[in-house]
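The residues making up each chain are set out below.
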Amino acid sequence: MTGNPPVRRRLLGAALRRYRENLGFGLDEAAQILECDRSKISRIETGQRGIRAKELRELLTEYGVPDDEQAALLAVAHRGRQHGWWQDYPGVLSDAGQDYVIMEAAAEEILTYEAYQVPDLLQTREYARALADADPACTEEEQRAQAVEVKLIRQRVVLAERSPRLEFVIAEAALHQVVGGTRVMRPQLARLASLAGGAMGTGSSGPSLQVLPFAAGAYAAGVGSMAILRFSDTPGLGVIHLAALSGGVSLEDRDDLARYVRAFAQLRAAALSPAASARLLGDMARD
């Protein structure tokens, strides 16, 4: 679930178990590689304990994992051991929240469907502030200010510094949810219109943004907000994050990943094209 053990450890452990089993290795054979006991390998594979970068490379090399795939797994597993900006915001980022932003910063593909509000990575400062003001978890001014800072830092890291493949689908209902009044909504909608207008589809280097219209019917009614993170050269390695007031739930099972990727593809197919989305958003901003 959201952090015991952390989803990054579960994700890595499940991958190591698959590699080992695909080779026909037992726990004892894997333990011989690291010159440790089999219980250590078992705890690593279940996410109960971490693994040092040197040991991870040894296992992956022995398992015959290609270099690019090794790099992706090392980024997922060990980025959080460095001192990162997220450690400066314990008041608004739980352990599970830190886990998520670490994975977000390592992801090569981020697929987001938002049913209730503008996605975090696309919010203006004013929109983010209006949400923080209404958040029951933010009881002090410092928390509200930090909640906004966290979103803006995530935007800078993901959108400006890394530029992974980004696809957003936003339910039309989320755009009619007035956050902060007209003075906040007009520039927020205008920003979305500009992003949608600049998107040339999923082959573009920029984000792809589509609106799921009311006319989509059951597609909009049947799926809640979600974010799917996937990593380079490891198509079966990914995380689904389902948002909730409690901090949300993270799923890393491969069957879950495949199911949610199919659901996102259906939402994208039912949504307006980027060009039509831009026109709708532009009209809403003017209105």
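This text gives an overview of the structure that appears in the document. (Residues numbered from 1 in each chain as written. Predicted model: local features only at pLDDT ≥ 70, side-chain atom pairs only at ≥ 80, totals over all residues. Heavy atoms only, no water.)

This brings us to the side chain of lysine 40. Relative to the helices and strands, lysine 40 resides in helix H3 (residues 38-45). Those residues within four positions of lysine 40 in sequence are excluded, and the remaining contacts are Arg49 and Glu55. (Helix = DSSP H or I, 4+ residues; strand = E, 2+ residues; numbered from the N terminus. Contact = heavy atoms within 4.5 Å.)

Of note, arginine 18 is situated in helix H1 (residues 7-22). In this structure the C-alpha to C-alpha distance between arginine 18 and glutamate 45, which are 27 residues apart in sequence, comes to 9.4 Å. Not counting the four nearest positions on each side in its chain, arginine 18 is found in contact with Gly236, Leu237 and Arg254.

Pairs of aromatic rings are described using the distance from one ring centre to the other and the angle between the two planes. Under the defined criterion, the tally for this structure stands at 3 aromatic pairs. A centroid spacing of 6.1 Å and a plane angle of 70° characterise the contact between tryptophan 85 and tyrosine 89, whose relative ring orientation is edge-to-face. Of the two residues examined, tryptophan 85 and tyrosine 89, each falls in the buried class. Counting every residue linked through ring pairs, the aromatic cluster contains Trp85, Trp86 and Tyr89. (Phe/Tyr/Trp six-rings, centres within 6.5 Å; stacked < 30°, edge-to-face > 60°. Buried < 20%, exposed > 50% of the residue type's maximum accessible area, 1.4 Å probe, protein only.)

The contact between helix H2 (residues 27-34) and H3 brings their axes to 8 Å, and the two run at 100°. By the angle between their directions, the pair H2 and H3 is classed as roughly perpendicular. Here Leu27, Asp28, Ala30, Ala31 and Leu34 of H2 come into contact with H3, specifically with Arg38, Ile41, Ser42 and Glu45. By residue class, the composition of the contact of H2 with H3 is 5 nonpolar, 1 polar and 3 charged. (Axes fitted to C-alpha atoms, helices over the stretch in contact; angles between N-to-C directions. Parallel < 35°, antiparallel > 145°, perpendicular 65-115°, else oblique. Nonpolar A, V, L, I, M, F, W, Y, C, P; charged D, E, K, R; others polar.)

Turning to the sheet that holds strand E5 (residues 234-242), a few remarks are in order. Overall, mixed pairing links the 6 strands, which are arranged E3-E2-E1-E4-E5-E6 in an open sheet. Because the sheet does not close on itself, it has two edges, and the strands there are strand E3 (208-212) and strand E6 (249-251). Each neighbouring strand pair of the sheet contributes to a mean axis angle of 15°, computed without reference to strand direction. As judged from the 5 bridges shared by strand E2 (residues 165-171) and E3, these two strands associate in the parallel manner. Pairing of glutamate 167 across the sheet is with serine 208, part of E3. Running over the sheet, H1 touches strand E4 (226-231), E5 and E6 and is turned about 155° from E5. (Pairing = 2+ DSSP bridges.)

Before going further, it helps to examine the pairing of E3. With 5 of its 5 residues buried, E3 lies for the most part within the structure. Where burial is concerned, the two faces of E3 agree: the one with Ser208, Gln210 and Leu212 and the one with Leu209 and Val211 are both buried.

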